[in-house]
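# Structural features, examined
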Amino acid sequence: MKKFAVMVTDLSDGSDCKAKIIAIVNSNKNAMEAAENYFQSIIKEYAEMGITINVDDWLHAADEYGEYAWQVSIQEIEL
């Protein structure tokens, strides 16, 4: 059965840079939605601390200095 794994790697200062699976979904469209939802939660969380997080077209999010950063990747998997 074909699925899509959505993984995020925390690239922030002091991070262990290990990827974690945040969702396993049925389609690439659902994977992109999961990535967007994840980024929106990060944007909201850090905005409460006065930090602006920007997301680019390559599924990368970071503050303006790169002190806080995340990279999302999507892999097609077989279960």
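Everything that follows concerns the structure shown earlier in this document.
This write-up is about the structure you can find in this document.

Thresholds, definitions, all that
- Residues numbered from 1 in each chain as written.
- Predicted model: local features only at pLDDT ≥ 70, side-chain atom pairs only at ≥ 80, totals over all residues.
- Heavy atoms only, no water.
- Phe/Tyr/Trp six-rings, centres within 6.5 Å; stacked < 30°, edge-to-face > 60°.
- Helix = DSSP H or I, 4+ residues; strand = E, 2+ residues; numbered from the N terminus.
- Pairing = 2+ DSSP bridges.
- Contact = heavy atoms within 4.5 Å.
- Axes fitted to C-alpha atoms, helices over the stretch in contact; angles between N-to-C directions.
- Core = buried A, V, L, I, M, F, W, Y, C linked by side-chain atoms within 4.5 Å.
- Buried < 20%, exposed > 50% of the residue type's maximum accessible area, 1.4 Å probe, protein only.

Moving on to the packing of aromatic side chains. Under the counting rule described, the total for this entry stands at three aromatic pairs. With 5.2 Å between their ring centres and 65° between their planes, Y46 and W70 make a pair best called edge-to-face. Pair noted here: Y46 is in helix α1 (residues 28-47) and W70 is in strand β5 (residues 69-78), with a separation of 24 residues, a long-range link. Clustering of aromatic rings is evident, with ring pairs tying together Y46, Y68 and W70.

Moving on, we come to the sheet that holds strand β3 (residues 54-55). Ordered in space as β2-β1-β5-β4-β3, the five strands form an open sheet in which the pairing is antiparallel. Among the strands making up the open sheet, the edge pair consists of β2 (19-25) and β3. Where strand β1 (residues 2-10) meets β2, six bridges bridge the pair, whose relative direction is antiparallel. Within β2, the residue paired with V6 across the bridge is A23. Contacts from α1 reach β1, β2, β3, β4 (60-62) and β5, with the element oriented near 160° to β5.

Core analysis: the biggest nonpolar cluster contains 18 residues, and V6, Y38, F39, I53, W70 and V72 have the highest contact counts within it. At seven residues, α1 tops the list of elements feeding residues into this core. Excluding residues within four positions of it along the chain, V6 makes contact with K20, I21, I22, A23, A31, A34, A35, V72, S73 and I74.

Turning to unusual backbone geometry, a few remarks are in order. Excluding glycine, residues mostly have negative phi values, and the peptide bonds linking residues are mostly trans. Not every positive phi belongs to a glycine, and C17 is a case in point at roughly 60°. You can see C17 is positioned in the loop between β1 and β2. Positive phi is not limited to glycine here, since L59 has a value of about 60°. Locating L59 in the fold gives a position in the loop between β3 and β4. Under the relative-accessibility criterion, L59 is labelled buried at 18%.

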